[in-house]
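Observations on the model geometry
Each chain, letter by letter, is given below.
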Amino acid sequence: STALVWHYENADPHYGDMQATEAERYLRRIIEKHHNLVVQRYDHCRALEVLPKEIHKGSASLKVIDEMMKKIDYNQDDNTGNNIFIMAVGNDRSDEKMFEAVELVSKEI
């Protein structure tokens, strides 16, 4: 899946915010019929994004971790176990779902 992102950090602060608000309203009206899409606005980095609802950094993190765990289980040829360390780093609100996913997985390991 893909996403469409409009960055307006270099636009005039007031005009860019006004345009982003108008674009966000317009996009929400257009995609409300498509229940698998969502419009996300990030005011802190001045971006507007249209993306699939169920695909985000959290779901991607879960997929990557699941694949890595399969490889660890497959490659484990003794009963000594594995020390597993998972670190997630981010600097954005869009990283919150990734942090939640890593916390969830860490409780299951």
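Structure's up top.
Everything in this summary refers to the structure shown in the same document. Source: prediction; values computed, not measured.

By volume, the largest pocket amounts to about 450 Å³. If you trace the largest pocket, you find 22 residues lining it, with Tyr42, Glu49, Leu51, His56 and Ser94 closest to the centre. Within the residue set of the lining of the largest pocket, elements represented by two or more residues are strand S1 (4-7), strand S2 (37-42), strand S3 (47-52) and helix H3 (96-108). In terms of residue count, the dominant contributor to the lining of the largest pocket is S3 (4 residues). Residues belonging to the lining of the largest pocket are distributed by class as follows: 9 nonpolar, 6 polar and 7 charged. Val64, Ile65, Met68, Phe85 and Ile86 are the residues nearest the centre of the second largest pocket, which is lined by 13 residues in total. Those elements that place two or more of their residues in the lining of the second largest pocket are helix H2 (57-75) and H3. For the lining of the second largest pocket, the leading source of residues is H2, giving 6 residues.

Turning next to unusual backbone geometry. Even without a glycine there, the phi angle at Arg46 is positive, about 55°. Structurally, Arg46 can be placed in the loop between S2 and S3.

Taken in spatial order, the 3 strands line up as S1-S3-S2 in an open sheet, and their pairing is antiparallel. Whereas interior strands pair on both sides, the edge strands pair on one side only; in this sheet they are S1 and S2. Looking at each pair of strands side by side, their axes are set apart by 15° on average, direction ignored. Of the pairings in the sheet, the one linking S2 to S3 comprises 6 bridges and is antiparallel in character. In the sheet register, Leu37 faces S3, and the bridge partner there is Pro52. Together, S1, S2 and S3 form the strand contacts of helix H1 (residues 13-31), whose direction differs from that of S2 by roughly 165°.

Mapping Asp95 onto the fold places it in the loop between H2 and H3. Given the relative accessible area of 4%, Asp95 is considered buried. A distance of 2.6 Å separates a polar atom in the side chain of Asp95 from a polar atom in the side chain of Lys57. Non-local contacts of Asp95, meaning those with residues more than four positions away in its chain, are made with Lys57 and Gly90.

Analysis parameters
Residues numbered from 1 in each chain as written. Predicted model: local features only at pLDDT ≥ 70, side-chain atom pairs only at ≥ 80, totals over all residues. Heavy atoms only, no water. 1 Å grid on protein atoms, 1.4 Å probe; cavity = no way out; pocket = protein on both sides within 12 Å on 5 of 7 lines; lining within 4 Å. Points joined across faces, edges and corners; volume = space filled by probe spheres on them. Helix = DSSP H or I, 4+ residues; strand = E, 2+ residues; numbered from the N terminus. Nonpolar A, V, L, I, M, F, W, Y, C, P; charged D, E, K, R; others polar. Pairing = 2+ DSSP bridges. Axes fitted to C-alpha atoms, helices over the stretch in contact; angles between N-to-C directions. Contact = heavy atoms within 4.5 Å. Buried < 20%, exposed > 50% of the residue type's maximum accessible area, 1.4 Å probe, protein only. Polar contact = N/O pair within 3.5 Å; in protein donor to acceptor, adjacent residues only side chain to side chain.

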